[in-house]
Amino acid sequence: MTWYACVTADLEQLMVRFLRLTYHHSYSRRTVDTIEYLSINVLHLSELTDSLLAAQCFMFFMAGFETSSTTMSFCVYELAINPEVQDRLLLEVDETLQKARGEPTYQDISTMDYLDRVIKETLRKYPVVHTLMRVCTRPYTLPGTNLRLEAGTKLVVPLFGLHYDPRYHPDPYHFDPERFYGEGSRPVIPAYTYLPFGEGPRNCI
């Protein structure tokens with residue numbers, strides 16, 4: 001057995017053990033978490049094994065860990081070189097902490113409108129993936145052109161091309177959280193020109 005196979009087997013055993021401990025913990029506390037929900041609602045699927053669940057959890061871990069840390073790093077960088085944005089965000093953070101008496105909840109953080117804009121602008125300038133891959137499922141002619149896509153055609157959507165296109169994002173190299181909200185807090189960015197998590201039924205969860 002190669003070293004890769006040994007590491008893979010050890011990692012699978014670790015994730016399976018984690019899943020079982022989580023399930024038993026939730027059962028003892030009479031709570032329903034994601035793992036138990038999957039077990040209850042897809043129990044009829046014979047292929048839903050501990051190994052399959054462990055693989056899915058590992059993918060969530062890998063997809064969420066590096067992408068989140070990278071986004072936060074770029075966000076801190078932009079705040080460092082844009083002190084006016086940093087000051088405004090800090091004011092919102094201080095106000096939220098004061099209202100929450102130093103113990104903000106998820107609901108408190110979800111009301112932080114400017115923080116939301118800052119993160120969105122970070123993801124516009126620094127999307128965690130550079131392209132989206134799709135497959136055309138039926139013949140389609142692009143509007144305004146004679147270009148026809150046949151079913152089965154593989155498509156590559158360039159996120160940097162969209163996110164830095166001045167037609168959709170004026171002055172695209174400038175870090176401007178305000179671009180995400182116009183009058184009445186309505187989004188002003190055209191649909192499908194901001195895709196850090198994809199779009200449609202196959203967007204990132």
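No experiment lies behind these values; they were computed from the predicted model shown.

Caption draft 1: Structural context of the overall build of the protein. In terms of helices and strands, the protein carries seven helices and four strands. For the protein, the sequential pattern of α-helices and β-strands runs α-α-α-α-α-α-β-β-β-β-α. Sequence separation of 24 or more characterises 58% of the internal contacts of the protein that already satisfy a separation of 6 or more. Total accessible area on the protein stands at roughly 15000 Å², and carbon and sulfur atoms take up 61% of it.

Caption draft 2: View of unusual backbone geometry. You will see that Arg-101, though not glycine, has its phi angle at about 55 degrees, which is positive. With respect to the helices and strands, the residue Arg-101 is situated in the loop between helix 4 (83–99) and helix 5 (106–110). Positive phi values are uncommon outside glycine, yet Tyr-192 reaches one of about 65 degrees. With respect to the element layout, Tyr-192 can be found in the segment after helix 7 (159–163). In this structure Tyr-192 comes out as exposed when scored by relative accessible area, which is 56%.

Caption draft 3: Main features of the nonpolar core. In this structure, Cys-75, Leu-79, Val-85, Leu-89, Tyr-114, Val-118 and Phe-175 together form the largest nonpolar core, which totals seven residues. Secondary-structure elements contributing two or more residues to this core are helix 3 (50–81), helix 4 and helix 6 (113–125). Dropping the residues within four chain positions of it, Cys-75 is found in contact with Val-118 and Thr-122.

Caption draft 4: Representation of the confidence of the model for the protein within the structure. Confidence in the prediction of the protein, expressed as mean pLDDT, is 80, and 71% of residues score 70 or more. When the elements of the protein are averaged for pLDDT, helix 2 (residues 34–41) gives the smallest value, 54, and helix 4 the largest, 96. Contacts of residues 3–7 to residues separated by more than four positions or lying in other chains number one contact, the stretch itself having pLDDT below 50.

Caption draft 5: Structural detail: the packing of aromatic side chains. Within this structure, the stated rule accounts for four aromatic pairs. Ring centres 4.9 Å apart and planes at 50 degrees place the aromatic pair Tyr-164 and Tyr-173 in the tilted group. Taking 4.9 Å as the distance between ring centres and 70 degrees as the angle between the ring planes, the aromatic pair formed by Phe-180 and Tyr-194 counts as edge-to-face. With Phe-180 in the segment after helix 7 and Tyr-194 in the segment after helix 7, this pair connects stretches of sequence that are 14 residues apart.

Caption draft 6: Here's a closer look at helix 4. In this model, helix 4 (17 residues) spans 24 Å end to end at C-alpha, consistent with the 24 Å of a helix rising 1.5 Å per residue. Every buried residue of helix 4 is listed here: Val-85, Leu-89, Glu-92 and Thr-96. One side of helix 4 carries all its buried residues, which in axial view fall inside an arc of 55 degrees. At the exit of helix 4 stands Arg-101, carrying a positive phi of roughly 55 degrees.

Caption draft 7: Structural detail: the pattern of salt bridges. Applying the stated criterion across every chain yields a total of nine salt bridges. One salt bridge in this structure joins Arg-117 and Asp-113, with 2.5 Å as the shortest N-O distance. With Arg-117 and Asp-113 both in helix 6 and four residues apart, the pair spans about one turn of that helix. We classify Arg-117 as buried; its relative accessible area is 9%. Here Asp-113 falls in the partly exposed class, since its relative accessible area comes to 30%. A salt bridge links Glu-121 to Arg-179, with the nearest nitrogen and oxygen atoms 3.0 Å apart.

Caption draft 8: A look at the side chain of Thr-96. Counting through the fold element by element, Thr-96 comes out in helix 4. Within the structure, Thr-96 has its side chain in polar contact with the backbone oxygen of Glu-92 (distance 2.8 Å).

Caption draft 9: Representation of helix 6 within the structure. Its 13 residues give helix 6 an end-to-end C-alpha distance of 19 Å, which sits within 8% of 18 Å, the value for a rise of 1.5 Å per residue. Those residues of helix 6 not exposed but buried are Tyr-114, Arg-117, Val-118, Glu-121, Thr-122, Leu-123, Arg-124 and Lys-125.

Thresholds applied
Residues numbered from 1 in each chain as written. Predicted model: local features only at pLDDT ≥ 70, side-chain atom pairs only at ≥ 80, totals over all residues. Heavy atoms only, no water. Helix = DSSP H or I, 4+ residues; strand = E, 2+ residues; numbered from the N terminus. Contact = heavy atoms within 4.5 Å. Areas by Shrake-Rupley, 256 points an atom, 1.4 Å probe, with all protein chains shown as cover. Buried < 20%, exposed > 50% of the residue type's maximum accessible area, 1.4 Å probe, protein only. Core = buried A, V, L, I, M, F, W, Y, C linked by side-chain atoms within 4.5 Å. pLDDT = per-residue confidence, 0-100. Phe/Tyr/Trp six-rings, centres within 6.5 Å; stacked < 30°, edge-to-face > 60°. Expected span 1.5 Å × (residues − 1). Arc of directions from axis to C-beta. Salt bridge = Lys/Arg side-chain N within 4 Å of Asp/Glu carboxyl O. Polar contact = N/O pair within 3.5 Å; in protein donor to acceptor, adjacent residues only side chain to side chain.

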